[in-house]
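Each chain, written out:
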Amino acid sequence: MVTQNATLKSKEELMEKLRQPEVITGSEILLRSLVLEGVDCVFGYPGGAVLYIYDAMHGFSDFNHVLTRHEQGAIHAADGYARASGKVGVCIATSGPGATNLVTGIATAYMDSVPLVVITGNVISSLIGTDAFQEADITGITMPITKHSYLVRDVEDLPRIIHEAFHIANTGRKGPVLIDIPKDVSANKTLFKPVTEVSIRGYNPTVSPNKLQVDKMIKAIAEAERPLILAGGGVIYSGAHEELHEFVKKTDIPITTTLLGLGAFPSGDDLFLGMPGMHGTYTANKSIQKADLLINIGARFDDRVTGKLSGFAPHAKIIHIDIDPAEIGKNVPTDIPIVGDVKTVLQIANLQAKRAEKADAWRAELLASKAQYPFSYKDSEDELKPQWVVEMLHETTNGDAIVTTDVGQHQMWAAQFYKFNKPRSWVTSGGLGTMGFGFPSAIGAQMANPDRLVISINGDGGMQMCAQELAICAINNIPVKVVILNNQVLGMVRQWQELIYDNRYSHIDLSGSPDFVKLSEAYGVKGFRATNKEEAKAVWEEALRHPGPAVVEFVVRKEENVYPMVAQGSTIDEMIMGDAE
Amino acid sequence: MIKHTIAVIVNDQPGVLQRVSGLFGRRGFNIESITVGTSEEVGLSRMVIVTTGDEQTLEQITKQLYKLIDVIKVIHLSSNPIVARELALIKVSAEPAARPEIFGVVETFRAAVVDIGTHSVMVQVVGDTEKIDAMVELLKPYGIRELSRTGVTALNRGNSR
Ligand SMILES: Cc1ncc(C[n+]2csc(CCOP(=O)(O)OP(=O)(O)O)c2C)c(N)n1
């Protein structure tokens, strides 16, 4: 990996130097501000409108800049960096096509509340609005998918705007913030004085909950016979996994975590029921439907979790804890709303939390159900089963890796069969379901965690959406282990067409895919292929031993389906169990 | 469906109208009318939006608006007594013979004739939405050539803020 700050100046010295007021260009202001915000890694792609910025980066070493091969690669990498570290991810692109290439990645981050600062160049101010060469109204285009955005009109505003952008991105409900900088603004000079304070009128996220509401929750727990916790990504984003653990232990309430919440609670714990929803566990889904108290902690009642809304958790009193008041009551009517930062809420709740005394029968029932209905599949000795591969990945890494995924069947199998115990070990596009996310996000996750093993699990379809980023793994020696579960089709689409569209397979055949081993090697990345269990174990061991990046293609059974499955429009306890039993 | 009038106090930033109206469109909220202008404080604009929906929709509208960084305050005006006004300019076909009748209508509504052409007159009327609707209905038989309404602007009555 690239080592940062090769020169030996200490961080503090550097900061002190950067804080000195000086007349510099907008571009230099940007770079200095990024360093002062604690940024150590930026993903980007240059072009006309950001030439001053890239010029200022010539010979610059106070943070790493990774030149991706596509802007989509840059923003997903920044996203993976943010999800795996909790820090703000940063990417830079030029105006027009560079900026519009970021749109998918911005929407991905927005849907999953990932803090990003996205910097785009724009044409010079006087050309804005004239359909100038490479002009796009990127602030307009991205308005629905950013938490906030700025079009910088004056270099004087730049230090404040950058500082605000970082603040907005990483406080309250997190999300992507866009800063669009016209070329002249990046060239103009002004006296730079670092901004260290923010005051944004009207922006005051509620951190501390209303005490009375917390009291109501404690009372409801004491009364409940079938209480259940539904925890989501919010737990991880607020760094509340320890508080959650304490809360669960004190109350002894069974818990299910959403796709984005995986890792927020140890998967091996007796009280853990697995994930709920479309491809969730039998027990998690049944328990939601039977619960008399459902405590939602930092999840947003996404339709992939709730299934048919009108039949969701029909017997439960609903408690909803969320930093974003707009989530409360948006999809599911709430009996006890608690607005606040999950960590703060749980800290307060933990002071009073008591064991849910009336729930013993319920706990026993769920424990038995869990034992009876684990995720399962029919293994085969002739063909590689994707679930088996994921189990192998789990076993050979003791569940310690950071796993990123793309979108499709492999994503669900990874969620089902790789067991997560630690927060920020699971990076996946939940809300938008973005194919092409898996591999570049792993690059970001690895940059943020140089010493951890990062595995990226992809389908043969999605891998082809950002495969070009193999180049940056090779060049920067980013030792990501890329797994491709190759079923030769757009698997998840095939599954729907089989089960819901009567076997009418329409445009899912991925014949013509490259030889992934050769493709990797063409980029200078080690490639492996396995078609049976023996090979699978052998090549995976070898890939793990290999010190650099590696791509391992597992040729798996084409017709395999993800079970259980809740068809769209059904309630979540109407599960198709398939051949999994 | 119930009609609601809300005031949204926003930072007077470029694009803020787009942010607010875009939010309504994207989330499927209805905008019956929207007016924007300066407020009592420099740097802040006041938007008045008339929308329809049940109480839950209104609550979501309010919460979603508050998510916009440039939104400072959302006031549900129509939950209290309000003064709500709209202005309309109506150009009516009016041959000289028909004019006395039209002027009669104008007078009863305490509206005003603000321009007279050879074949038309322009009427200006200020009032709540119902009054303007009524005025339009009455002028229709003469032939409305052009019509322009401002949308509602409103404040709460009395000392309440
Ligand atoms: C950018 C994008 N385009 C289309 C889709 C719709 N989609 C969801 S899953 C899927 C199939 C994915 O196939 P593959 O990558 O081979 O993974 P598999 O399901 O076989 O594991 C598709 C096309 C998507 N989620 N994202």
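As shown above, the structure is provided for reference.
A few words on the packing of aromatic side chains. Residues and elements named next belong to chain A. Following the criterion strictly, the structure yields 10 aromatic pairs over all chains and no others. Pairing phenylalanine 301 with phenylalanine 312 gives two aromatic rings, centres 5.6 Å apart and planes at 75 degrees, and the pair type is edge-to-face. With phenylalanine 301 in the loop between strand S11 (293-297) and helix H14 (303-306) and phenylalanine 312 in the loop between H14 and strand S12 (317-322), this residue pair connects regions lying 11 residues apart in the sequence. Judged by its relative accessible area of 3%, phenylalanine 301 is buried. Taking relative accessible area as the criterion, phenylalanine 312 reaches 6% and is therefore assigned buried. Following the ring pairs from residue to residue traces out a cluster consisting of Phe375, Tyr377 and Phe417.

What follows covers the environment of valine 525 of chain A. Residues and elements named next belong to chain A. Residue position: valine 525 is located in the loop between helix H22 (516-522) and strand S18 (526-530). Separated by 24 residues in sequence, valine 525 and proline 549 have C-alpha atoms that sit 6.0 Å apart. When residues no more than four places from it in sequence are discounted, the contact partners of valine 525 are Leu470, Cys473, Ala474, Ser520, Pro549, Ala550 and Val551.

What follows is about the sheet that holds strand S5 (residues 116-122) of chain A. Residue and element names in this part refer to chain A. The sheet built from 6 strands is open, its strands ordered S3-S2-S4-S5-S7-S6 with parallel pairing. Whereas interior strands pair on both sides, the edge strands pair on one side only; in this sheet they are strand S3 (64-67) and strand S6 (148-151). Going across the sheet, the axis of each strand differs from the next one's by a mean of 20 degrees, ignoring polarity. Note: strand S4 (residues 89-93) against S5, 5 bridges, orientation parallel. Pairing of valine 90 across the sheet is with valine 117, part of S5. Against the sheet, helix H6 (residues 103-111) engages S5 and strand S7 (176-182), with an angle of about 145 degrees to S7.

Attention now moves to the sheet that holds strand S2 (residues 33-38) of chain B. All names here are of chain B. With antiparallel pairing, 4 strands are arranged side by side in an open sheet as S2-S3-S1-S4. The open sheet has two edge strands, S2 and strand S4 (71-76), and neither has a second partner. Each strand of the sheet is rotated relative to its neighbour by a mean of 20 degrees, with strand direction disregarded. Relative to strand S3 (residues 44-52), strand S1 (residues 3-11) is paired through 9 bridges, and the arrangement is antiparallel. Paired with isoleucine 9 across the two strands is arginine 46, which belongs to S3. In the packing of helix H1 (residues 16-26) onto the sheet, the strands contacted are S1, S2, S3 and S4, and the crossing angle to S3 comes to about 15 degrees. On top of the sheet, helix H2 (residues 55-67) reaches S1, S3 and S4; it is set at about 160 degrees to S4, its chief contact.

Quick notes on the rules
Residues numbered from 1 in each chain as written. Chains lettered and ligands numbered in written order. Predicted model: local features only at pLDDT ≥ 70, side-chain atom pairs only at ≥ 80, totals over all residues. Heavy atoms only, no water. Phe/Tyr/Trp six-rings, centres within 6.5 Å; stacked < 30°, edge-to-face > 60°. Helix = DSSP H or I, 4+ residues; strand = E, 2+ residues; numbered from the N terminus. Buried < 20%, exposed > 50% of the residue type's maximum accessible area, 1.4 Å probe, protein only. Contact = heavy atoms within 4.5 Å. Pairing = 2+ DSSP bridges. Axes fitted to C-alpha atoms, helices over the stretch in contact; angles between N-to-C directions.

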